[in-house]
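A closer look at the structure
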Amino acid sequence: MGFSIALIVFSLLLMLLVLMHKGKGGGLSDMFGGGMQSSVGGSSVAERNLDRITIVVALLWVASIVVVGLLIKLDG
């Protein structure tokens, strides 16, 4: 039960973190003018930290999926 709740929390957090990223171009963001706002310089510290946090949450999300799958398999 606890891992199912963790999976829901990690899913919502991962969606929020992905939506916080800036558009890199080449996709729908260019179609609506989002590519015009991208800076020529490199990534800022905040963007790099957001990338790192997103990767950590994604790894925790995958781990919780594996644990929930194993728990379902062992119960059945």
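See above for the structure.
Here's a quick rundown of the structure. Note that the structure is a prediction, hence the values are computed from the model and not measured.

This part is about the overall build of the protein chain. Scanning the protein chain from terminus to terminus reveals three helices and zero strands. For the protein chain, the N- to C-terminal ordering of α and β elements is α-α-α. For the protein chain, the accessible area works out to roughly 6000 Å², and carbon and sulfur atoms hold 74% of it.

In this section: the packing of helix 1 (residues 2–20) against helix 3 (residues 45–75). Packing of helix 1 against helix 3 brings their axes to within 9 Å, and their N-to-C directions diverge by 150°. Classified by the angle between their axes, helix 1 and helix 3 sit roughly antiparallel to one another. Handedness of the helix 1/helix 3 crossing: left-handed. Packed against helix 1, whose contacting residues are Phe-3, Ser-4, Leu-7, Phe-10, Ser-11, Leu-13, Leu-14, Leu-17, Val-18 and Met-20, the element helix 3 presents Leu-50, Ile-53, Thr-54, Val-57, Ala-58, Leu-60, Trp-61, Ser-64, Ile-65, Val-67, Val-68 and Leu-71 at the interface. Of the residues assigned to the contact of helix 1 with helix 3, the class counts are 18 nonpolar, four polar and no charged.

Turning next to helix 3. For helix 3, with 31 residues, the first-to-last C-alpha span of 45 Å sits near the 45 Å given by 1.5 Å per residue. Those residues of helix 3 that are buried lie in contact with helix 1.

Rules used throughout
- Residues numbered from 1 in each chain as written.
- Predicted model: local features only at pLDDT ≥ 70, side-chain atom pairs only at ≥ 80, totals over all residues.
- Heavy atoms only, no water.
- Helix = DSSP H or I, 4+ residues; strand = E, 2+ residues; numbered from the N terminus.
- Areas by Shrake-Rupley, 256 points an atom, 1.4 Å probe, with all protein chains shown as cover.
- Axes fitted to C-alpha atoms, helices over the stretch in contact; angles between N-to-C directions.
- Parallel < 35°, antiparallel > 145°, perpendicular 65-115°, else oblique.
- Left-handed = near helix turned anticlockwise from the far one by under 90°.
- Contact = heavy atoms within 4.5 Å.
- Nonpolar A, V, L, I, M, F, W, Y, C, P; charged D, E, K, R; others polar.
- Expected span 1.5 Å × (residues − 1).

Taken by themselves, the reported measurements are silent on function.
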